[in-house]
Amino acid sequence: METLQMYIDKLNKLNFKEMYQNDFFLTWEKTDDELEAVFTVADALRYMRKNNISTKVFESGLGISLFRDNSTRTRFSFASACNLLGLEVQDLDEGKSQIAHGETVRETANMISFMADVIGIRDDMYIGKGNAYMHNVSNAVREGYQDGVLEQIPTLVNLQCDIDHPTQCMADMLHVIHEFGGVENLKGKKVAMSWAYSPSYGKPLSVPQGVIGLMTRFGMDVVLAHPEGYEIMPECEEVARKNATATGGSFTKTNNMAEAFKDADIVYPKSWAPFAAMEKRTDLYGNGDFDGINKLEKELLAQNATHKDWTCSEELMKSTKDGKALYLHCLPADISGVSCEEGEVDGSVFDRYRTPLYKQASFKPYVIAAMIFLAKFADPAALLKRLEDEAKPRKR
């Protein structure tokens, strides 16, 4: 029977001390114990909310959110996570800030952080820019703390960059762990991370890169499938290869979607832009060549349209393990006959998996809250125990 003490006991067996007063940039920068700690605290927080136990560990403080790309799930997940722990959220609208007048990253980072405990950033559209920007913000606030400007070091949480989408992929992974009854049941499971057709342009690479970089950590057989010309960052493929070697799983690539889906236990059909095109887009953006960006967009839409057969169809789903593979998507999906004429997934497939997909998304607020919890408190297990002993109700 599930108890909070189960999670506390589990935490006490893990080594995650380096997470305290640290940031969360990429999953493959974290140890196995650190990832397990995030999953464990996320489950503990979910248990507490379900059982009406307050998880308010801050009496005041801000969570600053900066979204340089559109968002629904991650934006509200970050706000929910901060609120769950007792923080208020303030969005940084760059258009309404002094950034528009040339304020530097160092100055902005310090000015917004006087009473901030966490900064969440999404910056995913330009290769070589997003993750680097997050590191610049982190370095700036650490310098501010060392100089005595800031009273605390705000934790930075990567809400999606050009390399990885750790909060999404960790939520995906926790969903998979629950669906398959535990981490111990994942070894040897086949995962098809596949490109799929979309009528829109320029979707980031960070989800497929994050998925292969994380799921290979669990001894799974991960297959990356995409048409020729839709490669991802080679360094992310290398991360997946090393992970697979270390865990006894495998990482393979194919240009055949049907091959990837055959006997798969998990399928993740998701569109993304070619790495080479995203590099070109970044260069055009850096040069202020917006006519060039528009031209590139038209070229890529035409290129996408030659691969409309790359879709998660009922026929492909029948070829998966017992015809019942777990279908994953970060949402929103391009649903054929629903949100678009032709897209990533058949309407009937998506509708059949709608409830599991929503459950998949529901893990993200808890994952983000766990990342904050582990970064801000030196002894999370003791704090969870104190919250249980105090037994303050979340709602009265």
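Residues numbered from 1 in each chain as written. Predicted model: local features only at pLDDT ≥ 70, side-chain atom pairs only at ≥ 80, totals over all residues. Heavy atoms only, no water.

**Student:** I tried to follow the overall build of the protein chain on my own but got confused; where do I start?
**Tutor:** For the protein chain, the count of helices and strands is 16 helices and 11 strands. Its C-alpha radius of gyration of 21 Å places the protein chain within 12% of the 21 Å reference for a compact globule of 396 residues. Along the longest, intermediate and shortest principal axes, the C-alpha atoms of the protein chain span 55 × 55 × 40 Å. Residue pairs at least 24 apart in sequence account for 83% of intrachain contacts in the protein chain once pairs closer than 6 positions are excluded. For the protein chain, the exposed surface amounts to about 17,400 Å²; the carbon and sulfur share of it is 48%. Of the side-chain charges in the protein chain, 45 are positive and 58 negative, and the distance between the mean point of each set is 5 Å. (Helix = DSSP H or I, 4+ residues; strand = E, 2+ residues; numbered from the N terminus. Rg over C-alpha atoms; globule rule 2.2 N^0.38 Å. Contact = heavy atoms within 4.5 Å. Areas by Shrake-Rupley, 256 points an atom, 1.4 Å probe, with all protein chains shown as cover. Lys, Arg positive; Asp, Glu negative; His and termini not counted. Charge placed at Lys NZ, Arg CZ, Asp CG, Glu CD.)

**Student:** What should I look at first to understand the sheet that holds strand β4 (residues 155-161) in this one?
**Tutor:** By definition, the strands of a sheet pair up through backbone hydrogen bonds, in either a parallel or an antiparallel sense. Reading across the sheet, the 4 strands line up as β2-β1-β3-β4 and stay open at both edges, with parallel pairing between neighbours. Only two strands of the sheet have a single neighbouring strand rather than two, namely β2 (88-91) and β4. Direction aside, neighbouring strands of the sheet carry axes that sit 20° apart on average. Alignment of strand β1 (residues 62-67) against strand β3 (residues 116-123), held across 6 bridges, turns out to be parallel. Its bridge partner being in β3, I64 is matched across the sheet by I119. Sheet strands in contact with helix α3 (residues 73-85) are β1, β2, β3 and β4, and its direction is about 175° off that of β1. (Pairing = 2+ DSSP bridges. Axes fitted to C-alpha atoms, helices over the stretch in contact; angles between N-to-C directions.)

**Student:** Is there a simple way to explain helix α1 (residues 4-12) in this structure?
**Tutor:** Residues three or four positions apart in an α-helix share a direction because the helix packs 3.6 residues into each turn. Among the residues of α1, those classed as buried are L4, Y7, I8 and L11. Relative to the axis of α1, the buried residues are bounded by an arc of 100° and lie together on one face. Where the residues of α1 are buried, they touch α2 (32-50) and α16 (380-390). (Buried < 20%, exposed > 50% of the residue type's maximum accessible area, 1.4 Å probe, protein only. Arc of directions from axis to C-beta.)

**Student:** Where do I start with the packing of helix α14 (residues 354-362) against helix α15 (residues 364-376) in this structure?
**Tutor:** The packing of two helices is summarised by the inter-axis angle and the distance between the axes. At a minimum axis distance of 5 Å, the contact between α14 and α15 shows a crossing angle of 15°. Classified by the angle between their axes, α14 and α15 sit roughly parallel to one another. Residues Q360, A361 and S362 of α14 form the contact with α15, whose participating residues are K364, P365 and Y366. A class-by-class count of the residues in the contact of α14 with α15 yields 3 nonpolar, 2 polar and 1 charged. (Parallel < 35°, antiparallel > 145°, perpendicular 65-115°, else oblique. Nonpolar A, V, L, I, M, F, W, Y, C, P; charged D, E, K, R; others polar.)

**Student:** I tried to follow the packing of aromatic side chains on my own but got confused; where do I start?
**Tutor:** Each aromatic ring pair is characterised by the separation of its centres together with the angle its planes make. For the structure shown, the criterion picks out 9 aromatic pairs. Each ring, one from F39 and one from F218, has its centre 6.4 Å from the other, and the planes form 45°; the classification is tilted. A residue pair is termed long-range when its members are at least 10 positions apart, and F39 in helix α2 and F218 in the loop between α7 (206-215) and β6 (221-225) qualify at 179 residues. Ring centres of Y126 and Y285 lie 4.1 Å apart, and the angle between their planes is 20°; on these two criteria the pair is classed as stacked. Of this pair, Y126 sits in the loop between β3 and α5 (130-146) while Y285 sits in helix α10 (residues 275-286), and the two are 159 residues apart along the sequence. Taking relative accessible area as the criterion, Y285 reaches 40% and is therefore assigned partly exposed. (Phe/Tyr/Trp six-rings, centres within 6.5 Å; stacked < 30°, edge-to-face > 60°.)

**Student:** Hey, could you run me through a nonpolar patch on the surface in this one?
**Tutor:** A cluster of nonpolar side chains, namely M111, F114, M115 and V149, defines an oily patch on the protein surface of about 410 Å² accessible area. If you trace the backbone, M115 turns up in the loop between α4 (105-111) and β3. The exposed category is assigned to M115, whose relative accessible area is 65%. (Patch = residues over 30% accessible without salt bridge, like charges linked within 9 Å, V, L, I, M, F, W, Y side chains within 5 Å. Salt bridge = Lys/Arg side-chain N within 4 Å of Asp/Glu carboxyl O.)

**Student:** What am I meant to see in the pairing of β6 here?
**Tutor:** A regular strand carries its side chains on alternate faces of the sheet. β6 sits mainly inside the fold: 4 of its 5 residues count as buried. Across 5 bridges, strand β5 (residues 190-194) lies against β6 in parallel orientation. Among the inter-strand pairings, A192 is bridged to a residue of β6, identified as V223. Regarding the hand of the β-α-β motif, the stretch spanning β5, α7 and β6 is right-handed. As defined by bridge partners, β6 adjoins strand β7 (residues 250-254) across 5 bridges and the pair is classed as parallel. Pairing of L224 across the sheet is with K253, part of β7. (Right-handed = clockwise from strand over helix to strand, strands pointing away.)

None of this, on its own, says anything about what the molecule does.
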